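Listed here are the chains, written in short residue letters.
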Amino acid sequence: MSYATKSPWVIHYDGSSCNGCDIEVLAALCPGYDVERFGIINTGNPKHADIFLVTGSINEQNISVVQEIYNQMVEPKVVIACGICACSAGIFHDCYNVIGGVDKAIPVDVYAPGCAVRPEAIIDAVVQGLAILDEKSKALKAQKKGA
Amino acid sequence: MTILAVLIGTLIFAVLAPILGCLLAGLDRKISARMQGRVGPPLLQPYYDVRKLIEKDDVAVNGTERVYIICALVFTLIAGGIFVSGGNLLMCIFVLTLGALFFILAAYCTSSPYAQVGASRETLQVMSYEPMVLFMAVAFFMAVQAILGMGSFDVRAVLYLDVPVITNIWLVFLGFLFVLTIKLRKSPFDLSYSHHAHQEIVKGVTTEMSGKTLAMVEVMHWCENVLFMLWVALFFVWGNPASIILALVVVAVVYFFEIWIDNNFARVKWQTMLTSAWVVALVAGGINIAFLAYL
């Protein structure tokens, strides 16, 4: 078990979400769910973050922003698509300006569907993301040793 | 002899301060969480955070950044070493300020606007607390003079006192408590770099720092916090060994008070911080020092 799984810092980006999922993401940090119990902190800084939570679909306007945030994050990192819009663009999938889910812009590790996504589902997704983060962390360590 | 003492003191401080500082930071987060009606992270969470940061990949916008941060950390440790070895309080303050300046340089060396604004605000914070901290050193000298008959900046002088210096400079102590909130980076004075989520300037000073560099910043803050608590303890220690217990109790109360302030007050503008800190320094420091000088 690497330390990456004990202190996952999260960055949250609102693609073109209706704010339903955003509110649920923040609800997970409130006293009711209190994810800081597991060391999860919401940072506004991609360079400090380990997990990238995206809500809302990808469109022509925000695709470069999402890619920029992803590129600024330091390895090991995990991307979680929160809500059906982030997974597959949901009911907006055939809008003229919508490209699709987050996986159209960057590689996504965990999908958490729902409209709006429930805080329990987000926490579940983050826990699954932690297993992937652990793998990536170990791979990075092995790569560093080899180099 | 003095250099050797400082060296040994620095080694002791470099080993103990990160451990104590880490526990203090963990306790801080735990108590903050309880004040907000949450369970909060485990006590060792700050340790896990730093270990994780060390495991992260190496990325830097400007390679010089890490050199500045290493300097900041080293000077903070030396400042602690000077204090622990019973050395000159004034020197301890100056060396710590040097560390703070390297921290500011580290933020300025990246071209990120957030880090730059953070660095400017950090400079303002140094400007705000420095007068009161210097007054504290001068008042300490005069209080030792009033009690012992011979003035001294040396920290070890407190061991020869019949009464603690707080009896002479309690007004300075209150003023110091005010600027301590700035030094501990607690709200309402966490302008340059907040420990809490989301600030209007992202993460201020540390915006461009990541991985091992950020880990060193965290360790530096732990050490700084321990040193500030030692400064608080200095007011309450005298010749009697039992006074150390009193000092520890005071330190615990002061830190709890700072957490309470942190959780109950919103961030102020820099103008409010600067003027209020200087007014407090002039009133608390000025009156107390004038009283001691013309007693």
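Residues numbered from 1 in each chain as written. Chains lettered and ligands numbered in written order. Predicted model: local features only at pLDDT ≥ 70, side-chain atom pairs only at ≥ 80, totals over all residues.

## Looking at the overall build of chain B
Then, in step 1: Within chain B one finds nine helices and zero strands.
Then, in step 2: Reading the helices (α) and strands (β) of chain B from amino to carboxyl end gives α-α-α-α-α-α-α-α-α.
Then, in step 3: In terms of overall size, chain B behaves like a compact globule, its C-alpha atoms giving a radius of gyration of 19 Å where 295 residues would be expected to give roughly 19 Å.
Then, in step 4: With the C-alpha coordinates of chain B rotated into their principal frame, the extents come out at 55 × 40 × 40 Å.
Then, in step 5: Here chain B, with 295 residues, has 48% of them falling under the buried criterion.
Then, in step 6: In chain B, 75% of the contacts between residues at least 6 apart in sequence involve partners at least 24 apart. (Helix = DSSP H or I, 4+ residues; strand = E, 2+ residues; numbered from the N terminus. Rg over C-alpha atoms; globule rule 2.2 N^0.38 Å. Buried ≥ 20, exposed ≤ 12 C-beta atoms within 10 Å, placed from the backbone. Contact = placed C-beta atoms within 7 Å.)

## Considerations on the interface of chain B and chain A
Then, in step 1: If you look at the interface, chain B gives 25 residues, while chain A gives 21 residues.
Then, in step 2: Of all elements in the fold, only α2 (45–55) and α7 (211–234) of chain B reach the threshold of two or more residues within the side of chain B that touches chain A.

## Concerning the packing of helix α5 (residues 113–148) of chain B against helix α6 (residues 170–183) of chain B
All names here are of chain B.
Then, in step 1: Relative orientation of the contacting elements α5 and α6 amounts to 150 degrees, with a least axis distance of 9 Å. Considering the angle they form, α5 stands roughly antiparallel to α6. Between α5 and α6 the crossing geometry is left-handed. Residues Gln125, Ser128, Tyr129, Met132, Val133, Phe135, Met136 and Ala139 of α5 form the contact with α6, whose participating residues are Val172, Gly175, Phe176, Val179, Ile182 and Lys183. (Axes fitted to C-alpha atoms, helices over the stretch in contact; angles between N-to-C directions. Parallel < 35°, antiparallel > 145°, perpendicular 65-115°, else oblique. Left-handed = near helix turned anticlockwise from the far one by under 90°.)

## Some points on the packing of α5(B) against helix α9 (residues 270–293) of chain B
All names here are of chain B.
Then, in step 1: Contact geometry for α5 and α9: axes closest at 10 Å, N-to-C directions at 10 degrees. If you check the angle between α5 and α9, you find them roughly parallel.
Then, in step 2: Residues of the contact of α5 with α9, tallied by class, amount to 21 nonpolar, three polar and one charged. (Nonpolar A, V, L, I, M, F, W, Y, C, P; charged D, E, K, R; others polar.)

## Re the pairing of strand β1 (residues 9–14) of chain A
All names here are of chain A.
Then, in step 1: Bridge analysis of β1 against strand β2 (residues 41–42) gives two bridges, and the strand direction is parallel. Residue pairing in the sheet places tryptophan 9 in a bridge with isoleucine 41 of β2.
Then, in step 2: In this region the chain leaves β1, passes through helix α1 (residues 20–27) and returns to the parallel neighbour β2; the handedness of that crossover is right-handed.
Then, in step 3: Two elements, β1 and strand β3 (residues 51–55), share five bridges in a ladder whose sense is parallel. Among the inter-strand pairings, aspartate 14 is bridged to a residue of β3, identified as threonine 55. (Pairing = 2+ DSSP bridges. Right-handed = clockwise from strand over helix to strand, strands pointing away.)

## Section: helix α1 (residues 2–35) of chain B
Side chains that are three or four residues apart share a direction in an α-helix, a result of its 3.6 residues per turn.
Residue and element names in this part refer to chain B.
Then, in step 1: Along its length, α1 shows its largest kink, about 30 degrees, at leucine 16, and proline proline 18 lies within four residues downstream of that point.
Then, in step 2: Within the span of α1, buried status applies to Val6, Gly9, Thr10, Phe13, Ala17, Gly21, Cys22, Ala25, Gly26, Asp28 and Arg29.
Then, in step 3: Packed against the buried residues of α1 are α2, α3 (64–84), α7 and α8 (243–264).
Then, in step 4: In the stretch just after α1, glycine 37 is the one whose phi turns positive, near 75 degrees. (Bend = angle between axes of the 7 residues up to and from the residue.)

## Here we look at the sheet that holds strand β5 (residues 78–82) of chain A
Then, in step 1: Across the sheet, which stays open at both edges, the five strands sit in the order β2-β1-β3-β5-β7 (chain A) with parallel pairing between neighbours. The open sheet has two free edges, formed respectively by β2 and β7 (110–112) of chain A, since each of these has just one partner strand.

## Here's the deal with the nonpolar core
Then, in step 1: Counting 90 residues, the largest nonpolar core has B:Ala72, B:Ala79, B:Met132, B:Ala139 and B:Leu227 as its most contacted members.
Then, in step 2: If sequence neighbours within four positions are ignored, B:Ala72 has contacts with B:Gly99, B:Phe102, B:Phe103, B:Ala106 and B:Met220.
Then, in step 3: With 41 residues, the next largest nonpolar core counts A:Cys21, A:Ala89, A:Ala116 and A:Leu133 among its residues. (Core = buried A, V, L, I, M, F, W, Y, C linked by C-beta atoms within 7 Å.)

## Points about the confidence of the model for chain B
In low-pLDDT segments, the atomic positions of the prediction should not be examined closely.
Then, in step 1: For chain B, per-residue confidence averages 90 on the pLDDT scale, and residues scoring 70 or more make up 99% of the total.
Then, in step 2: ipTM for the predicted complex: 0.89, alongside a pTM of 0.91. (pLDDT = per-residue confidence, 0-100.)

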